[in-house]
Amino acid sequence: MQAINRFLYGPTPEEKVRAWQAKLRAESRQLDREMRQLDMATSKAQQSVKQLATKGDVKSARILAKEVVRSKKQKDRLSVSKARLASIGNQLQQQLAMMKVTGTLQKSTEIMKLSNSLVKLPQISQTMREMSMEMTKAGIMEEMLEDTLDMDEDEELEEEADAEVDKVLFELTNGKLGQAGTITNELPTADEQRLEEETERNIEKYREQLNGILSG
């Protein structure tokens, strides 16, 4: 009889909630993997920043530090998003408890608010859009409003990157920050030119690694 009802009427409300909870757990595990990847890439980039600062190549260090700052910000976003996924899961669990009393799923402004914020994260945007449509049909939430997210952080990133490198230089020079990274107008030698080109390649490699993770 249950199989016949599922064929005629589709999944029960409880089955829908269980399916959504499973999706939320899967997305949470994916965010965990991305955060681990970010940690590894960021650690390598930080070591390169220190090496560049030690050599007095402050310009290159600041370029790479900007990517380090961006990766840290992204990890913070992923961590917050994981917590929001867990909150939706808890809200759905409460829906199951209430359904035993009311017999139906209830509208939840909290689930709607959390889902609306998670749609903005590229890594889970598609899944959250699909779930939101399903939950709207089930009566848990109203149709989401599309709003834009301002991603222009260049000026803020520049300031934080400068602070990041200054901190590293301060540590490496035992507080004598002004003695590091002196700029010279002399033309580089052939060896210095090769070293600079190698440094640029390494910077680009780490930027590509970080940007690959940041873009999802």
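It should be emphasised that the depicted structure is a prediction, and the values quoted were computed from it without experimental measurement.

(A) Quick peek at the overall build of the chain. A count of helical and extended segments in the chain gives seven helices and zero strands. Relative to its 216 residues, the chain shows a buried fraction of 34%. Once local pairs closer than 6 in sequence are excluded, the contacts in the chain between residues at least 24 apart make up 80%. Summing over all exposed atoms, the chain offers an accessible surface of approximately 13700 Å²; the carbon and sulfur share of this is 50%.

(B) Broad picture of the UniProt feature "coiled-coil region" (unreviewed entry) in the chain. As annotated by UniProt and renumbered to match this structure, "coiled-coil region" (unreviewed entry) occupies residues 17-44. For residues 17-44, helix accounts for 100% and strand for 0%, while the C-alpha atoms at its two ends are 41 Å apart.

(C) Quick look at the pattern of salt bridges. The final tally for this structure, using the stated rule, is six salt bridges. Close ionic contact of E134 with K23 constitutes a salt bridge, the shortest N to O distance being 3.5 Å. Of the two residues, E134 is situated in helix α5 (residues 125-137) and K23 in helix α2 (residues 13-54); the sequence distance between them amounts to 111 residues.

(D) Quick look at helix α4 (residues 109-118). Among all positions of α4, only I111, L114, S115 and L118 are buried. With its buried residues spanning 100° around the axis, α4 presents them on a single face. Structural note: α4 exposes T109 and K113 on the side pointing more than 90 degrees away from its buried face. Contact partners of the buried residues in α4: α3 (58-102) and α5.

(E) Focus on the nonpolar core. Among the nonpolar cores identified, the biggest contains 24 residues, and W20, I88, L92, M128 and M135 are the most heavily contacted of them. Looking at this core, the elements with two or more residues in it are α2, α3, α4 and α5. Contact partners of W20, with chain neighbours within four places excluded, come to L92, L105, M131, E134, M135, A138 and I140. A45, L52, A61 and A161 belong to the second largest nonpolar core, which has 14 residues in total.

(F) Inspection of a positive patch on the surface at higher detail. Residues R25, R29, R33 and R36 make up a contiguous surface patch of positive charge. Residue position: R29 is located in helix α2. Accessibility expressed as a relative area gives 46% for R29, which makes it partly exposed.

(G) Structural view of the confidence of the model for the chain. Overall, the predicted model of the chain reaches an average pLDDT of 77, with 70% of residues at or above 70. pLDDT under 50 marks residues 1-8. Its contacts with residues more than four places away, or in other chains, come to four contacts. Low confidence marks residues 177-188, where pLDDT is under 50. Its contacts with residues over four positions away, or in another chain, come to ten contacts.

(H) Local environment of α5. The end-to-end C-alpha separation of α5 is 18 Å, in line with the 18 Å expected for 13 residues at 1.5 Å each. Looking one or two residues past α5, G139 carries a phi angle of roughly 90°, positive in sign.

(I) Quick look at the packing of α2 against α5. In the contact formed by α2 and α5, the axes pass within 11 Å of each other and the chain directions differ by 165°. Between α2 and α5, the crossing angle belongs to the class labelled roughly antiparallel. In the crossing of α2 with α5, the sense of the turn from one axis to the other is left-handed. On α5, the residues that touch W20, K23, L24 and E27 of α2 are T127, M128, M131, E134 and M135. The residue makeup of the contact of α2 with α5, split by class, is five nonpolar, one polar and three charged.

(J) Expanded view of the environment of E110. Within the secondary structure, E110 sits in helix α4. For the pair E110 and I140, spaced 30 residues apart in sequence, the C-alpha separation works out to 10.0 Å.

(K) The arrangement of the environment of I88 in detail. The residue I88 is located in helix α3 in this model. Note on I88: relative accessible area 0%, which makes it buried. A sequence separation of 64 residues divides I88 from L24, and the C-alpha atoms of the two residues are 8.1 Å apart. Dropping the residues within four chain positions of it, I88 is found in contact with L24, I111, L114, S115, L118 and M128.

Thresholds applied
Residues numbered from 1 in each chain as written. Predicted model: local features only at pLDDT ≥ 70, side-chain atom pairs only at ≥ 80, totals over all residues. Heavy atoms only, no water. Helix = DSSP H or I, 4+ residues; strand = E, 2+ residues; numbered from the N terminus. Buried < 20%, exposed > 50% of the residue type's maximum accessible area, 1.4 Å probe, protein only. Contact = heavy atoms within 4.5 Å. Areas by Shrake-Rupley, 256 points an atom, 1.4 Å probe, with all protein chains shown as cover. UniProt positions renumbered as here; feature names shortened; annotations may be inferred. Salt bridge = Lys/Arg side-chain N within 4 Å of Asp/Glu carboxyl O. Arc of directions from axis to C-beta. Core = buried A, V, L, I, M, F, W, Y, C linked by side-chain atoms within 4.5 Å. Patch = residues over 30% accessible without salt bridge, like charges linked within 9 Å, V, L, I, M, F, W, Y side chains within 5 Å. Lys, Arg positive; Asp, Glu negative; His and termini not counted. Charge placed at Lys NZ, Arg CZ, Asp CG, Glu CD. pLDDT = per-residue confidence, 0-100. Expected span 1.5 Å × (residues − 1). Axes fitted to C-alpha atoms, helices over the stretch in contact; angles between N-to-C directions. Parallel < 35°, antiparallel > 145°, perpendicular 65-115°, else oblique. Left-handed = near helix turned anticlockwise from the far one by under 90°. Nonpolar A, V, L, I, M, F, W, Y, C, P; charged D, E, K, R; others polar.

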